[in-house]
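Architecture and fold: a report
Next come the chains, spelled out residue by residue.
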Amino acid sequence: MHIRTTTSPVDLTRVHDDVLRPSFPDDELADLPTLQAMLADGTLRLVVAQDEHGLRGAAIAEWFPATGVLLLAYLAIAPGARGGGVGSRLLDHAVDAWRTDLDPWLVVAEVEDPAQHTGSEEHGDPTARLRFYRRHGARVLPLPYTQPAMHAGGRRVPGLLLLALCASGDRLAGVAADGTWLVPTAPLRAFLEEYFTLSEGTAPTGPEWDAIVGALTGDTIRA
């Protein structure tokens, strides 16, 4: 298995068509022109896994330099290659490379909440997915989280969890005696506002956004 970072638009097109589209519902998937524009301006980071049989999986991150947050937007394995450990190797390799290159203070990811979403053969099992990320050290950020609309005509996706995959300890507000992270809310809110605005083309409003903001009123949240 060969895992590599790439900036090739051809690689991105193959990933979108052969890995992402079979793996994610339409409302959770950004369109290809949007991803291509982000690749061109350097805010999208792409890591692919391949072997002698071809493309096996990909990890895509969106970088928010103003707030120092990295969003793991997509981690997906090609149909027929799931369950063989590719996801673990791909995630570890990608996060290590991104942390070395970008030095984010926080790396986050979105997953469906198993309490609110059921699985399918096509799109996977939310319970198994959450277990996977927990094995890799993920912590749930206590937010009533909704994903912004990913493309024109798309809908926000409620009932998701925002996970903290890793953090730079000296840039947290602290670590409690039991190991709980104290995550500063100001840069987290700034990241979310920028993310929603870039995704939807306008500053976020509405009850879903109000619920997120309402959970970020203190100086920190516990992860």
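This is a predicted model, so every value here is computed, not measured. (Residues numbered from 1 in each chain as written. Predicted model: local features only at pLDDT ≥ 70, side-chain atom pairs only at ≥ 80, totals over all residues. Heavy atoms only, no water.)

**Comments concerning the nonpolar core**
Core analysis: the largest hydrophobic core is formed by 50 residues, its most contacted members being V183, L188 and L192. Apart from the residues within four sequence positions on either side, L188 is in contact with W105, L106, L141, L162, V183, L216 and I221. L90, V107, L130 and Y133 belong to the second-largest nonpolar core, a separate cluster that totals 28 residues. (Core = buried A, V, L, I, M, F, W, Y, C linked by side-chain atoms within 4.5 Å. Buried < 20%, exposed > 50% of the residue type's maximum accessible area, 1.4 Å probe, protein only. Contact = heavy atoms within 4.5 Å.)

**As for helix α3 (residues 86–102)**
For α3, built from 17 residues, the straight-helix expectation of 24 Å at 1.5 Å per residue is met to within 8% by its first-to-last C-alpha distance of 24 Å. For α3, every residue scored as buried is listed here: V86, G87, L90, L91, A94, V95, W98 and L102. Buried residues of α3 fall within an arc of 135° about the axis and therefore sit on the same side. For α3, the exposed residues lying more than 90 degrees away from the buried face are D96 and T100. (Helix = DSSP H or I, 4+ residues; strand = E, 2+ residues; numbered from the N terminus. Expected span 1.5 Å × (residues − 1). Arc of directions from axis to C-beta.)

**Observations concerning the confidence of the model for the protein chain**
Do not read the fine detail of predicted coordinates wherever pLDDT is low. Of the residues in the protein chain, 96% reach a pLDDT of 70 or more, and the chain-wide mean stands at 93. When pLDDT is averaged over each element of the protein chain, helix α6 (residues 207–214) comes out on top at 98 and strand β8 (residues 174–175) at the bottom at 92. (pLDDT = per-residue confidence, 0-100.)

**Comments concerning the pairing of strand β7 (residues 157–167)**
The buried fraction of β7 is high, at 10 of 11 residues. Bridge analysis of strand β5 (residues 106–112) against β7 gives seven bridges, and the strand direction is antiparallel. Paired with L106 across the bridge in β7 is A167. (Pairing = 2+ DSSP bridges.)

**Let's talk about unusual backbone geometry**
Backbone geometry at D103 places phi at a positive 55°, although glycine is not the residue there. Relative to the helices and strands, D103 resides in the loop between α3 and β5. Relative accessible area serves as the criterion here: at 46%, D103 is assigned to the partly exposed category.

**Describing the environment of V86**
Along the chain, the position of V86 falls in helix α3. Considering only alpha carbons, one finds V86 and E208, 122 residues apart in sequence, at a separation of 34 Å.

**Focus: the sheet that holds strand β9 (residues 181–184)**
Read across the open sheet, the three strands follow the order β8-β9-β10; overall the sheet is antiparallel. Of all the strands in the sheet, the pair left with one neighbour each is β8 and β10 (220–222). With two bridges joining them, β8 and β9 adopt antiparallel strand pairing. Residue pairing across strands places G174 opposite L182, the latter belonging to β9. Sheet strands touched by helix α5 (residues 185–200): β9 and β10. Its angle to β9, the strand with the most contacts, is close to 55°. (Axes fitted to C-alpha atoms, helices over the stretch in contact; angles between N-to-C directions.)

**What to know about the pairing of β9**
Hairpin connection of β8 to β9: five residues between the antiparallel strands, including G179 at a positive phi of 90°. Here β9 runs beside β10; their pairing, made up of three bridges, is antiparallel. When the sheet's bridge partners are listed, L182 is paired in β10 with R222.

**A few points about helix α4 (residues 126–135)**
Buried residues of α4: P126, L130, F132 and Y133, and no others. The arc enclosing the buried residues of α4, seen along the axis, measures out at 155°, which places them on a common side. Looking at the packing, one finds that the buried side of α4 touches β4 (69–77), α3, β5 and β7. Where α4 begins, the side chain of D125 points an oxygen toward the backbone nitrogen of T127, at a separation of 3.0 Å. Of the residues flanking the end of α4, it is G137, one or two places downstream, whose phi is positive at about 90°. (Polar contact = N/O pair within 3.5 Å; in protein donor to acceptor, adjacent residues only side chain to side chain.)

**Here's the deal with the packing of α5 against α6**
α6 packs onto α5 with a crossing angle of 165° between their chain directions and a minimal axis gap of 11 Å. Between α5 and α6, the interaxial angle falls into the category roughly antiparallel. Seen along the crossing, α5 lies across α6 with a hand that is right-handed. In contact with R189, L192, E193 and F196 of α5, α6 contributes W209, I212 and V213. For the contact of α5 with α6, the residue count by class is five nonpolar, no polar and two charged. (Parallel < 35°, antiparallel > 145°, perpendicular 65-115°, else oblique. Left-handed = near helix turned anticlockwise from the far one by under 90°. Nonpolar A, V, L, I, M, F, W, Y, C, P; charged D, E, K, R; others polar.)

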